[in-house]
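# Descriptive analysis of the structure
Letter by letter, the chains look like this.
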Amino acid sequence: MYMAFINEILTKEQKLEFNSWNIKYPFYVDESYLGMKQLLNPCSWTVDKERDIYLMRVYNNREYFYDWMFVFLWNKKTYTVQFHMTLTGNDVVWSIPDHYFHKDLSFPYSFEEHFLDDLRNALKTYGIRGELNRVGNVDCDF
């Protein structure tokens, strides 16, 4: 049986290790591609350490405040994924966005077996802001 995902605040050593992975993601503003950015010094992540699966929120867009871009490291590959957050009190539902930050983004991001299951589980653990002591319910409607 696999270890569950957890939300974790990174230590200085973990940040240095992560930076050495040289993870890059596309940066979009107003549907324009501005280039690749290196993900440096993340404060936290949602991780399944046993399987080396990581989810990190990287940014949102002012015009679509509840749409979030994440980097998902899965099966030794880096995926850029976008989801819409619907927040009701402490409850959140992650869903497929109505508007993508760029035409190159589109659900389901990968057709590999178990990809969406792992992504759903990571988002459910991530919750609203990757809280360590989350309250409320989290669901994915995809």
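Residues numbered from 1 in each chain as written. Predicted model: local features only at pLDDT ≥ 70, side-chain atom pairs only at ≥ 80, totals over all residues. Heavy atoms only, no water.

## Structural notes on the packing of aromatic side chains
Using the following cut-off: Ring pairs shown here join Phe, Tyr and Trp side chains whose ring centres sit within 6.5 Å, with only the six-membered ring taken for Trp; geometry is labelled stacked below 30 degrees between planes, edge-to-face above 60, and tilted in between. Note on conventions: DSSP H or I runs of at least 4 residues are helices, E runs of at least 2 residues are strands, and numbering of each starts at the N terminus. The rule is simple: take the accessible area with a 1.4 Å probe, protein chains only, and divide by the maximum for that residue type; under 20% is buried, over 50% is exposed, in between is partly exposed. Should the NZ of a Lys or the CZ of an Arg lie within 6 Å of a ring centre and within 35 degrees of the ring normal, that charge is described as sitting over the ring.
All told, the structure shown has 23 aromatic pairs when counted by the stated rule. Seen in terms of ring centroids, F18 and W45 are 6.2 Å apart; in terms of plane orientation they differ by 65 degrees. Their pairing is edge-to-face. Residue F18 is located in helix α1 (residues 12-19), and its partner W45 is located in strand β4 (residues 44-48); the two are separated by 27 residues in the primary sequence. Comparing F18 with W45 shows no difference in burial state: the two are buried. One aromatic cluster is present, built from ring pairs that chain together F18, W21, W45 and Y54. The positively charged end of K37 is found above the aromatic ring belonging to F27, 4.6 Å away from the centroid. Seen from the ring of W68, R57 lies directly overhead, with NZ or CZ sitting 4.2 Å from the centre.

## Section: helix α2 (residues 115-126)
The line we're drawing: Multiplying 1.5 Å by the residue count of a helix minus one yields the expected span of that helix.
The end-to-end C-alpha distance of α2 is 16 Å, a good match for the 16 Å that 12 residues give at a rise of 1.5 Å each. Among the residues of α2, F115, D118, L119, R120, A122, L123, T125 and Y126 are the ones counted as buried. Phi turns positive, to about 75 degrees, at G127, one or two residues after α2.

## Looking at the pairing of strand β5 (residues 53-61)
Just so we agree on the cut-off: Only strands joined by at least two bridges in the DSSP assignment are considered to pair.
Burial analysis of β5 places 7 of its 9 residues in the buried class, which makes it a mostly covered element. In the sheet, β4 pairs with β5 via 3 bridges, with the strands oriented antiparallel. In the strand pairing of β5, D48 is matched with I53. Linking two consecutive strands that pair antiparallel, namely β4 and β5, is a turn of 4 residues; a positive phi of about 55 degrees is found at D52 within it. Alignment of β5 against strand β6 (residues 64-74), held across 7 bridges, turns out to be antiparallel. Paired with N60 across the two strands is W68, which belongs to β6. Once β5 ends, the chain turns through 2 residues before running back antiparallel as β6.

Distances and angles like these do not, on their own, reveal function.
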